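Survey of secondary and tertiary structure
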Amino acid sequence: MKLLVTGGAGFIGSNFVRYVLRELPGWKLVNLDKLTYAGNLENLKGMEGHPDYRFVRGDVANRKLVDEIFSEERFDVVLNFAAETHVDRSILDPSPFLTTNVQGTQVLLEAARKYKVGRFLQISTDEVYGSLGREGTFTEGSPLLPNSPYAASKAAADLLCRAYYKTYGLPVVITRSSNNYGPYQFPEKLIPLMTLNALEGRPLPVYGRGENVRDWLYVEDNCRAIALVLEKGKDGEVYNIAGGEERRNIEVVERICELVAERTGKDEREVKALITFVEDRPGHDFRYALTCEKVRDLGWSPEVTFDFGLERTVDWYIANREWVERVRSGEYMKYYDKVYGPRGVSWSQEP
Ligand code: NAD
Ligand code: TYD
């Protein structure tokens, strides 16, 4: 089985590459990644020399390059992880989200059609469904009502996948997962950002009152689900994947403070005093929650509880400070000041 994994140097993609090379011997894998600010070959340290692995640096929206790779490699399967993924960045500038997430997906779909790929797995998100109130869950049949430019670009990609299935019979499957967390997540996202800021004594910028709810999924559980859908999913179908671990943001941040205090010997009250309520994110989705019967029927269920996964994740960030220093470049500091500066919290202000 020969796989093309796009975005394999990012958070979920690198965990998936690691998972495949460890758990699925005999699967050959090409990783096509542009190495944006979020893509980091260090996430795949130790994999470079693996006989079943090859890395290609390139843009999924580059038609010529993508065609060349497909013609050379003759993939059985394509998994499209590559994307611009951060909601706050999509609010600052939606353009790269359209180029990579929409156009890039179409370029890949077209190549998959031309070279008769046996399966195209699109990695999507629960954010395409929009926002829930306190009650209810989204099913795979819920309407697509995205609210952020990021979510809109992912919904557009999902619809292109559907069109390629319906129009050309391309064997497409889509997974829509809830918020992932775990090792190698870029520190712009909630859990790593709060963990590192707490460790460094920086303010912890919680949007609004921290009442928004996310359903957390440990990244390895997602990787197992993706591999299962790849093997056993049905063409043209969508599979929701969630941990079933709903938490309010403020609960997550407080728990991170407790873990950081516990692990470092800092005073818990002092760490919690870093929590700073800041101006809310525009269009902030209140709550996501998913019904996952379809993927459960294939034989999947999450194995890592949020309590355990969060401990493991905080410990990973404590143990990997060099990785953190390297991925948090000057670009990160500029980005941080753009998003948080107007909210009264800036990077340049010393902790
Ligand atoms: P990430 O931002 O950590 O990584 C994205 C990767 O894609 C990076 O390696 C980047 O270099 C690469 N990339 C970006 N633009 C590219 C381009 N034009 N060509 C080639 N490579 C490019 O993202 P992630 O959190 O690992 O998310 C992976 C996928 O999972 C995305 O499609 C995302 O929408 C989806 N998803 C993520 C979550 C989550 O909680 N992180 C939840 C649901 C779905
Ligand atoms: P995030 O990790 O950006 O994922 P998403 O927006 O895709 O769900 O954010 C998770 C939640 O945490 C979301 O409700 C926004 C909130 N949040 C903050 O309160 N402060 C922050 O600095 C960040 C990055 C997120």
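These notes cover the structure that comes with them. The model shown is predicted, which means the values in this text are computed figures rather than measured ones.

Reading the values: rules and limits
Residues numbered from 1 in each chain as written. Chains lettered and ligands numbered in written order. Predicted model: local features only at pLDDT ≥ 70, side-chain atom pairs only at ≥ 80, totals over all residues. Heavy atoms only, no water. Helix = DSSP H or I, 4+ residues; strand = E, 2+ residues; numbered from the N terminus. Rg over C-alpha atoms; globule rule 2.2 N^0.38 Å. Buried < 20%, exposed > 50% of the residue type's maximum accessible area, 1.4 Å probe, protein only. Contact = heavy atoms within 4.5 Å. Phe/Tyr/Trp six-rings, centres within 6.5 Å; stacked < 30°, edge-to-face > 60°. Lys NZ or Arg CZ within 6 Å of the ring centre and 35° of its normal. Pairing = 2+ DSSP bridges. Axes fitted to C-alpha atoms, helices over the stretch in contact; angles between N-to-C directions. Near = heavy atom within 4 Å. Polar contact = N/O pair within 3.5 Å; in protein donor to acceptor, adjacent residues only side chain to side chain. Areas by Shrake-Rupley, 256 points an atom, 1.4 Å probe, with all protein chains shown as cover. Nonpolar A, V, L, I, M, F, W, Y, C, P; charged D, E, K, R; others polar. Parallel < 35°, antiparallel > 145°, perpendicular 65-115°, else oblique. Left-handed = near helix turned anticlockwise from the far one by under 90°.

This brings us to the overall build of the protein. Helix and strand content of the protein: 13 helices and 12 strands. Taken against the 2.2 N^0.38 rule, which gives 20 Å for 351 residues, the C-alpha radius of gyration of the protein at 20 Å falls within 12% of a compact globule. Considered along the principal axes of its C-alpha atoms, the protein spans approximately 60 × 45 × 35 Å. Residue burial in the protein is summarised as follows: out of 351 residues, 59% are buried. Considering only residue pairs separated by 6 or more positions, the protein has 83% of its internal contacts joining residues 24 or more positions apart.

Okay, the packing of aromatic side chains next. To describe a pair of aromatic rings, you give the distance between the ring centres and the angle between the ring planes. The tally for this structure, following the rule as stated, stands at 22 aromatic pairs. Aromatic pair Tyr-184 and Trp-323: ring centres 6.0 Å apart, planes at 80 degrees, arrangement edge-to-face. With Tyr-184 in the loop between β7 (179–181) and α6 (190–200) and Trp-323 in helix α12 (residues 321–327), this residue pair connects regions lying 139 residues apart in the sequence. Accessibility expressed as a relative area gives 16% for Tyr-184, which makes it buried. Accessibility expressed as a relative area gives 6% for Trp-323, which makes it buried. Here the aromatic cluster, defined as three or more aromatic residues joined through ring pairs, consists of Tyr-37, Phe-186, Tyr-207, Tyr-332, Tyr-336, Tyr-340 and Trp-347. Taking NZ or CZ as reference, Arg-113 lies 3.8 Å from the ring centre of Tyr-168, over its face. The residue whose ring lies beneath Arg-209 is Phe-277, and the NZ or CZ to ring-centre distance is 4.2 Å.

Attention now moves to the sheet that holds β7. In spatial order, the strands read β7-β9-β11; together these 3 strands make up an open sheet with mixed pairing. Of all the strands in the sheet, just β7 and β11 (246–248) have a single pairing partner and so form its edges. Across the sheet, the mean angle separating the axes of adjacent strands is 50 degrees when strand polarity is ignored. Summarising the sheet, β7 and strand β9 (residues 213–218) pair through 3 bridges and their orientation is parallel. Among the inter-strand pairings, Tyr-181 is bridged to a residue of β9, identified as Tyr-218. Where helix α7 (residues 219–232) meets the sheet, its contacts fall on β7 and β9, and the angle it forms with β9 comes to roughly 70 degrees.

Before going further, it helps to examine the site of ligand 1. Neighbouring ligand 1 are 28 residues, the closest being Ile-12, Asp-33, Thr-85, Tyr-150 and Lys-154. Take Leu-35: an N or O atom from its main chain is 3.4 Å from an oxygen atom of ligand 1. For ligand 1, an oxygen atom lies 2.7 Å from a polar atom in the side chain of Thr-85. Out of a free accessible area of 840 Å², ligand 1 has 97% covered by protein chains. Looking at the shell around ligand 1, the elements with two or more residues in it are α1 (11–23), β5 (119–125), α5 (149–168) and β7. Taken together, the residues that form the shell around ligand 1 break down as 11 nonpolar, 13 polar and 4 charged.

What follows is about unusual backbone geometry. Of note, Arg-74 is a non-glycine position whose phi angle comes to about 50 degrees, a positive value. Position of Arg-74 relative to the elements: it lies in the loop between α2 (63–73) and β4 (77–80). In this structure Arg-74 comes out as exposed when scored by relative accessible area, which is 52%. The phi dihedral of Lys-116 is positive, around 50 degrees, even though this residue is not glycine. By relative accessible area, which is 71% here, Lys-116 ends up exposed.

Attention shifts here to the site of ligand 2. Around ligand 2 there are 19 residues in total, and Glu-127, Arg-214, Arg-281, His-284 and Tyr-340 lie nearest to it. Take Leu-190: an N or O atom from its main chain is 2.9 Å from an oxygen atom of ligand 2. In the complex, the protein chains occlude 97% of the 510 Å² of accessible area that ligand 2 would expose alone. Secondary-structure elements contributing two or more residues to the shell around ligand 2 are α6 and β8 (204–207). Residue composition of the shell around ligand 2, by class: 9 nonpolar, 5 polar and 5 charged.

Attention now goes to the packing of α6 against helix α8 (residues 249–264). In the contact formed by α6 and α8, the axes pass within 9 Å of each other and the chain directions differ by 40 degrees. The angle between α6 and α8 places the two elements in the oblique class. The crossing of α6 and α8 is right-handed. Across from Leu-190, Ile-191, Met-194, Thr-195, Ala-198 and Leu-199 in α6, the residues of α8 making contact are Asn-249, Val-252, Val-253, Ile-256, Val-260 and Thr-264.

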